[in-house]
Amino acid sequence: MKTPGEVLREGELEKRSDSLFQLWKKKRGVLTPDRLRLFPAGPGARPKELRFHSILKVDCVERTGKYVYFTIVTTDRKEIDFRCAGESCWNAAITLALIDFQNRRALQDFRSRQERAAPAAPEPRPPRAP
């Protein structure tokens, strides 16, 4: 069983900015079983987190030259563009971690529904007098 703080992958990837020029900014990514944390290049800057409960899918994977481009689509339909070195396979690692997270959450939901739907165990009857 994976623990939430366990690091699955760590390394460099680039995120396209939301600004007018849409520049690629280098980030240090830390992937855990429940989130992707993005640390800016500057020292002391706070990381941004993409928690898996707010991610729908990893989409639009394209390999061109030395980069792999991919998009993370959030539950509110926001698209966040990334690129990474072709051999780093960040897109695959994020996809597998997301699927694992979704499977664990589906199992938890199923078990909690089963517990709610299970009839209460009948109380034992007191022994009858002869």
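Rules used in this analysis
Residues numbered from 1 in each chain as written. Predicted model: local features only at pLDDT ≥ 70, side-chain atom pairs only at ≥ 80, totals over all residues. Heavy atoms only, no water. Helix = DSSP H or I, 4+ residues; strand = E, 2+ residues; numbered from the N terminus. Rg over C-alpha atoms; globule rule 2.2 N^0.38 Å. Buried < 20%, exposed > 50% of the residue type's maximum accessible area, 1.4 Å probe, protein only. UniProt positions renumbered as here; feature names shortened; annotations may be inferred. pLDDT = per-residue confidence, 0-100.

## What to know about the overall build of the protein
Assigned secondary structure in the protein consists of one helix and seven strands. Listing every helix and strand of the protein by position from the N terminus yields β-β-β-β-β-β-β-α. Scaling as 2.2 N^0.38, a compact globule of 130 residues should have a C-alpha radius of gyration of about 14 Å, whereas the protein reaches 22 Å, well beyond that. Seen through its C-alpha atoms, the protein measures out along the principal axes to roughly 90 × 30 × 30 Å. Scored against the burial criterion, the 130 residues of the protein give a buried share of 29%.

## Thoughts on the UniProt feature "domain: PH" (unreviewed entry) in the protein
As annotated in UniProt, the feature "domain: PH" (unreviewed entry) corresponds to residues 7–101 in the numbering used here. Secondary structure within residues 7–101 divides into 13% helix and 55% strand; the distance between the first and last C-alpha atoms comes to 14 Å.

## Topic: the confidence of the model for the protein
Mean pLDDT over the protein: 89, with 92% of residues reaching 70 or higher. Highest mean pLDDT in the protein belongs to strand β6 (residues 67–74) (96); lowest belongs to strand β5 (residues 55–64) (92).

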